[in-house]
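A structural walkthrough
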Amino acid sequence: MKAGLNNVSVEGIEVSADNLDTAAAAAIYREHGCLVVRGLMVDYIDEICREIDHVLAETIDLITEARQVPEGWSTPNGALLLPAPKGFPRDKQIMCLPISYRNSAVFFRSALDTRTLDLVEAVLGPNIELFHEGQSLVKEAVGGHPKHLHQDASYFEHRFEGPMGQLNYAVDTDLQNGALYVVPGSFRMGLLEHEDTFSHLGLNGHEWPWERATPIEGKAGDSIFFHVNCIHGSKPNWSDKPRPVFINRYRTADDYVVVGATSTENRKAAEAQREQATKDNQRGLMVRGFRAFDSNR
């Protein structure tokens, strides 16, 4: 398989969930800023796919009621829409599904998976909280949106280490239906300058063409962990079925966002307020360890 920035193939960053060696997996993540764990989420797939399918159908029924927002359009149930590509059956397509820990018990259970938390603890330490409430992205069939190569820190830059993301394939995923591409080792470059793209913030396509990244094909239930500065993205879905994923994010209990943005304009405004950011009102649900009282906050 194709090698990434620091000359590592997919085989060099993948392990199996069966008899998972947590220390060895954590070492791969620390070295490359990304890690693939095959089969880690298999136990949750059937149930979460039923719920994703339900929310997807519900959202499609509500598209005609969508209202415009800075990032695109939002349906009454909370989905985020983007402009549809030429030849699509309607003028809007779905990007983010309104399924989270607040309305899906199985999604929340997936975030509490013991093997996942063992791995996160091995990387981040004993005191871990959830960042946000889960996210599910979907590429609709026959042209579902691409997500340009980018770093998550461009959207939510943190004071300290930042979140460890866990993207989970809900269906078998390959080059045709929108496999995730990663650039192993890119997290060491720090946060790079992003620009506005069709799918919000992204890296310059001339400087960061797809050929610089490594595609991760996989089965439903495979997990891809990546550092907040790891460059990643995905091409359109050209298959005849939707390609959903669900994402859990974890951070240390003391970490918090200092710059939050979805465009170059609001990122510039947020950067000017960086020093005013605090942990106040940014406390996520603890999933490991304990958050001690800090009298300095």
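Please refer to the structure placed before this passage.
Analysis parameters
- Residues numbered from 1 in each chain as written.
- Predicted model: local features only at pLDDT ≥ 70, side-chain atom pairs only at ≥ 80, totals over all residues.
- Heavy atoms only, no water.
- Helix = DSSP H or I, 4+ residues; strand = E, 2+ residues; numbered from the N terminus.
- Rg over C-alpha atoms; globule rule 2.2 N^0.38 Å.
- Buried < 20%, exposed > 50% of the residue type's maximum accessible area, 1.4 Å probe, protein only.
- Contact = heavy atoms within 4.5 Å.
- Areas by Shrake-Rupley, 256 points an atom, 1.4 Å probe, with all protein chains shown as cover.
- Pairing = 2+ DSSP bridges.
- Axes fitted to C-alpha atoms, helices over the stretch in contact; angles between N-to-C directions.
- 1 Å grid on protein atoms, 1.4 Å probe; cavity = no way out; pocket = protein on both sides within 12 Å on 5 of 7 lines; lining within 4 Å.
- Points joined across faces, edges and corners; volume = space filled by probe spheres on them.
- Nonpolar A, V, L, I, M, F, W, Y, C, P; charged D, E, K, R; others polar.
- Core = buried A, V, L, I, M, F, W, Y, C linked by side-chain atoms within 4.5 Å.

**Let's talk about the overall build of the protein chain**
Looking only at helices and strands, the protein chain has 5 helices and 20 strands in total. Here the protein chain has a C-alpha radius of gyration of 18 Å; the compact-globule value for 297 residues is 19 Å, and the two agree. Classification of the 297 residues of the protein chain by burial places 55% in the buried group. A sequence separation of at least 24 residues applies to 78% of the contacts in the protein chain between residues at least 6 apart. When the accessible area of the protein chain is evaluated, it comes to approximately 13400 Å², of which 50% is carbon and sulfur surface.

**A short note on the sheet that holds strand 9 (residues 147–150)**
Here we have 4 strands laid out as an open sheet, ordered 9-17-12-15, and antiparallel in their pairing. Two strands lie at the open edges of the sheet, namely strand 9 and strand 15 (214–216), each paired on one side alone. Ignoring strand direction, the axes of neighbouring strands in this sheet form an average angle of 25 degrees. Strand direction decides the pairing type here: strand 9 and strand 17 (residues 232–234), joined by 2 bridges, are antiparallel. Bridging from a neighbouring strand, His150 pairs with His232 of strand 17.

**Description of the layout of surface pockets**
Its volume calculated, the largest pocket comes out at about 800 Å³. What lines the largest pocket is a set of 38 residues, among which Cys96, Gln135, Leu137, Phe156 and Arg249 lie closest to the centre. Broken down by element, the lining of the largest pocket gets its largest block of residues, 5 residues, from strand 8 (residues 135–139). Residues belonging to the lining of the largest pocket are distributed by class as follows: 18 nonpolar, 14 polar and 6 charged. Each pocket or cavity is described by its volume, and for the second largest pocket that value is around 260 Å³. Around the second largest pocket sit Tyr101, Arg102, Leu130, Phe131, His132, Glu133, Arg251, Asn281, Gln282, Arg283, Gly284 and Leu285, which together line it. Class assignment of the residues belonging to the lining of the second largest pocket gives a composition of 4 nonpolar, 4 polar and 4 charged.

**Thoughts on the pairing of strand 11 (residues 164–169)**
Among the 6 residues of strand 11, 6 are classified as buried, and the element is accordingly described as predominantly covered. The alternating pattern of strand 11 places Met164, Gln166 and Asn168 on one face and Gly165, Leu167 and Tyr169 on the opposite face, and all of these are buried. As defined by bridge partners, strand 11 adjoins strand 18 (residues 243–252) across 6 bridges and the pair is classed as antiparallel. Pairing of Asn168 across the sheet is with Phe246, part of strand 18.

**Quick notes on the nonpolar core**
With 65 residues, the main nonpolar core has Ile224 and Tyr250 as its most contacted residues. Ranked by residues supplied to this core, first place goes to helix 2 (residues 42–62) with 7 residues. The next biggest cluster of nonpolar side chains, apart from the first, holds 8 residues, and it includes Ala153, Tyr155, Val228 and Ala261.

In short, shape yes, function no, at least from these values alone.
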